[in-house]
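Residues per chain are reported as follows:
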Amino acid sequence: TVVAFGGERRELQKFQFALVQTRHGGIRNGFKIGLGLGYTTLIIFAGNALAFWFGMTLRYNEQVNPATGRAWEPGNILAIFFCVFTGSFMIGNLDPSLKALAAARFAAGRFFQVKENRPEVQCGDVDGRNEVDAIQSFELREVHFSYPARPDVKILNGL
């Protein structure tokens, strides 16, 4: 129908405008995602640097490990670092799972609400409709039709 009404050029211009808008939006979103990922990476590396700096400070100053009564050893420092690192990562991964559980609870609630609902319109137990005889044939007379966009052009003219 676009070709029939000569609207190809106008639709193509609208499509090109939409493509430009989408491209700009994609660039903006890519920049935001890159900025967020860079910030996250900065925090991770800064935390790692702080942990290693503090651990090595304990080692070089020969601070006493309260658990062993001896000076801190590099193996203990690394073990603590990786435990904290892995634990932080796992806690960070809880959020999507908790959101999925909340969505599942909501969906299950809606499901059981629909399942237990008794419709007022028509119950499956009783069919109160009247029996209709089969229609063998039907006939249309004097049918007139034209599209609203071009009311002067008759599609069906007295069929």
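Going by the structure above, here's the rest.
Please read all numbers here as calculations on a predicted model, not as lab measurements. What you see as residue numbers is a count from 1 along each chain, following the sequence as written. Whole-chain, interface and lining totals are the exception, using all residues; otherwise, since this is a predicted model, local features are given only for residues with pLDDT of at least 70 and side-chain atom pairs are given and counted only at 80 or more. As a rule here, side-chain values cover all heavy atoms of the structure and leave hydrogens and water aside.

So what's going on with the environment of F54? Residues and values would help.
Helix and strand labels come from DSSP, where a helix needs a run of H or I of at least four residues and a strand needs a run of E of at least two; each type is numbered from the N terminus. Checked against the element boundaries, F54 lands in helix 1 (residues 8-60). Here F54 falls in the partly exposed class, since its relative accessible area comes to 47%. Taking the C-alpha atoms as reference, F54 lies 53 Å from A18; in sequence the two are 36 residues apart. When a residue's accessible area, from a 1.4 Å probe over protein chains only, is under 20% of the maximum for its type it is buried; when over 50% it is exposed; and in between it is partly exposed.

If you had to explain the packing of aromatic side chains to someone new, which residues and values would you point to?
The rule is short: rings of Phe, Tyr and Trp, with Trp giving its six-membered ring, pair when the centres are within 6.5 Å, and they are stacked under 30 degrees, edge-to-face over 60, tilted in between. For the structure on display, the rule yields 5 aromatic pairs. Ring geometry for F111 versus F112: centroids 5.1 Å apart, planes at 70°, classification edge-to-face. Judged by its relative accessible area of 41%, F112 is partly exposed. Taken together, F52, F81, F82 and F85 form an aromatic cluster joined through their ring pairs.

Quick one: what's the story with the side chain of N65, residue by residue and with numbers?
Positionally, N65 belongs in the loop between helix 1 and helix 2 (74-92). Using a relative accessible area of 6% as the deciding quantity, one classes N65 as buried. Contacts are residue-level and defined by heavy atoms, with any inter-residue pair within 4.5 Å sufficient. Aside from chain neighbours lying at most four places away, what touches N65 is R70, A71, W72 and N76.

Account for helix 1, with residues named and values stated.
With 53 residues, helix 1 ought to run about 78 Å at 1.5 Å a step, and its terminal C-alpha atoms sit 76 Å apart, in line with that. Every buried residue belonging to helix 1 is among G25, N48, G55 and L58, and all of these are buried. Against helix 2 lie the buried residues of helix 1. Once helix 1 finishes, E62 follows within two positions and takes phi at roughly 50°, a positive value. Here the expected length of a helix is defined as 1.5 Å per residue gap, with one fewer gap than residues.

Describe the side chain of N48, with residues and values.
As for its placement among the helices and strands, N48 is situated in helix 1. Classification of N48 as buried rests on a relative accessible area of 16%. Setting aside anything within four residues of it in sequence, one finds N48 in contact with F81 and F85.

I'd like a description of unusual backbone geometry, backed by residues and values.
Of note, E62 is a non-glycine position whose phi angle comes to about 50°, a positive value. Under the relative-accessibility criterion, E62 is labelled exposed at 58%. If you check the backbone angles, E142 has positive phi at about 50° while not being a glycine. Residue placement: E142 occurs in the loop between helix 3 (94-116) and strand 1 (144-145).

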